[in-house]
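# Coordinate inspection notes
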Amino acid sequence: MIPINAVFGLGLLIFFIGLFGVLFRKNLVIMLMSLELLLNGVNVLLAGLSYHMRSPRGSIFAIFIIIMAVSEAAVGFGLVLSYFRQKKTYDMDEFNELKG
Amino acid sequence: MAILLFFLFAAFAVGSVLGMIISRNQAYSALFLVVAFASLGGLFGLLGAPFMAVVQIIIYAGAIMVLFIFVIMMIHLGEGISAEKKKWTIAAAVFMGIILLAEIVFAVKGAPAVPMAGQEMAGTSPTEIGRLLFTKYLYPFEITSILIIAALVGAVVLIKKREGE
């Protein structure tokens with residue numbers, strides 16, 4: 001039996017590393033990757049709870065989260081590509097005007 | 001044994017996630033992320049969720065990472081690697097390929113003999129998940145198809161070149 005505290009610690013660690021990436025990296029692609037990490041950290045928590053409670057609900061919730069993550073990645077890359085087409089860079093620092 | 005494997009996978013996942021955040025090269029970041037997703041898939045298998053493990057490997061380490069690498073390769077216009085480095089890369093690629101082949105052969109040969117980690121827990125087997133998805137959670141499941149259509153159309157509209165550009 002894997003201790004639930006260890007699973008929680010791992011999930012939270014991955015979540016916060018992802019949060020750090022979203023907040024402190026300026027590269028748009030890295031930011032999107034870090035967003036995926038946030039969702040994965042939550043998935044680890046759900047899998048741990050599902051394992052601990054011996055119930056399939058956590059897995060089902062996690063599967064919905066994965067579906068959502070795929071949709072988010074597709075739309076996010078659409079945004080990144082159209083941003084790159086205009087600015088010719090990935091850097092978030094250039095993202096400072098509202099005019100298209 | 002399970003606890004040992006858990007901490008091994010956890011260390012791999014956290015290490016490669018940190019590498020992904022710190023690395024300056026986007027392509028390396030993407031490869032670090034593949035390692036992280038694969039080890040998280042192993043973790044899900046250990047936690048008695050075999051279906052989630054498979055979905056994690058196929059969707060994350062497969063589909064999403066191909067998308068990431070596609071975007072990075074499409075835009076990242078750096079110079080190629082030098083000839084000296086290329087020799088090493090080919091040797092490493094052959095080495096890893098042989099290891100992967102051996103692993104696959106080993107896995108296929110030993111597959112029926114290895115007991116699944118999640119089998120003794122009837123609650124989270126793929127059968128149970130499939131049954132619940134199409135009975136109790138039918139409405140959310142159907143609504144995700146609308147979400148996917150919306151995301152697909154949105155991505156196509158965003159990427160499409162506008163008139164006169």
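Since the model is a prediction, treat every value here as computed from it, not as a measurement. (Residues numbered from 1 in each chain as written. Chains lettered and ligands numbered in written order. Predicted model: local features only at pLDDT ≥ 70, side-chain atom pairs only at ≥ 80, totals over all residues. Heavy atoms only, no water.)

### Remarks on the domain arrangement of chain B
Domain boundaries in chain B define domain 1 (1–78) and domain 2 (122–165). Centre-to-centre, using C-alpha coordinates, domain 1 of chain B lies 22 Å away from domain 2 of chain B. (Domains from an automatic or database assignment.)

### Regarding the environment of I3 of chain B
One can find I3 of chain B in helix α1 (residues 2–22). I3 of chain B sits 43 residues away from L46 of chain B along the chain, and the two C-alpha atoms are 9.0 Å apart. Those residues within four positions of I3 of chain B in sequence are excluded, and the remaining contacts are M1, I2 and P3 of chain A. (Helix = DSSP H or I, 4+ residues; strand = E, 2+ residues; numbered from the N terminus. Contact = heavy atoms within 4.5 Å.)

### Re the interface of chain A and chain B
Counting from both sides, the interface comprises 54 residues of chain A and, opposite them, 59 residues of chain B. For the pair chain A and chain B, the summed buried surface comes to about 5000 Å²; carbon and sulfur atoms form 82% of the total. Area buried by chain A at its contact with chain B is led by I2, M33 and R85 of chain A, which between them contribute 12% of it. Run the count over chain A and chain B and you get 0 salt bridges. Viewed at the interface, chain B and chain A are joined by 4 residue pairs in polar contact (both at pLDDT 80 or more). Put simply, the parts of the chain that give the side of chain A that touches chain B at least two residues each are α1 (4–24), α2 (28–53) and α3 (57–87) of chain A. Ranked by residue count, the leading element in the side of chain A that touches chain B is α3 of chain A, at 22 residues. By residue class, the composition of the side of chain A that touches chain B is 37 nonpolar, 12 polar and 5 charged. (Buried area = accessible area lost by both parts, 1.4 Å probe. Salt bridge = Lys/Arg side-chain N within 4 Å of Asp/Glu carboxyl O. Polar contact = N/O pair within 3.5 Å; in protein donor to acceptor, adjacent residues only side chain to side chain. Nonpolar A, V, L, I, M, F, W, Y, C, P; charged D, E, K, R; others polar.)

### Re the packing of α1 of chain A against α1 of chain B
For any two helices packed against each other, the geometry comes down to the angle between their axes and how far apart the axes lie. Direction vectors running N to C along α1 of chain A and α1 of chain B enclose 5 degrees, while the axes themselves pass 10 Å from each other. By the angle between their directions, the pair α1 of chain A and α1 of chain B is classed as roughly parallel. Only F6, F7, A10, A13, V14, V17, L18 and I21 of chain B of α1 of chain B make contact with α1 of chain A, whose side of the interface consists of A6, V7, L10, L13, I14, I17, F20 and G21 of chain A. In terms of residue class, the contact of α1 of chain A with α1 of chain B is made up of 15 nonpolar, 1 polar and no charged. (Axes fitted to C-alpha atoms, helices over the stretch in contact; angles between N-to-C directions. Parallel < 35°, antiparallel > 145°, perpendicular 65-115°, else oblique.)

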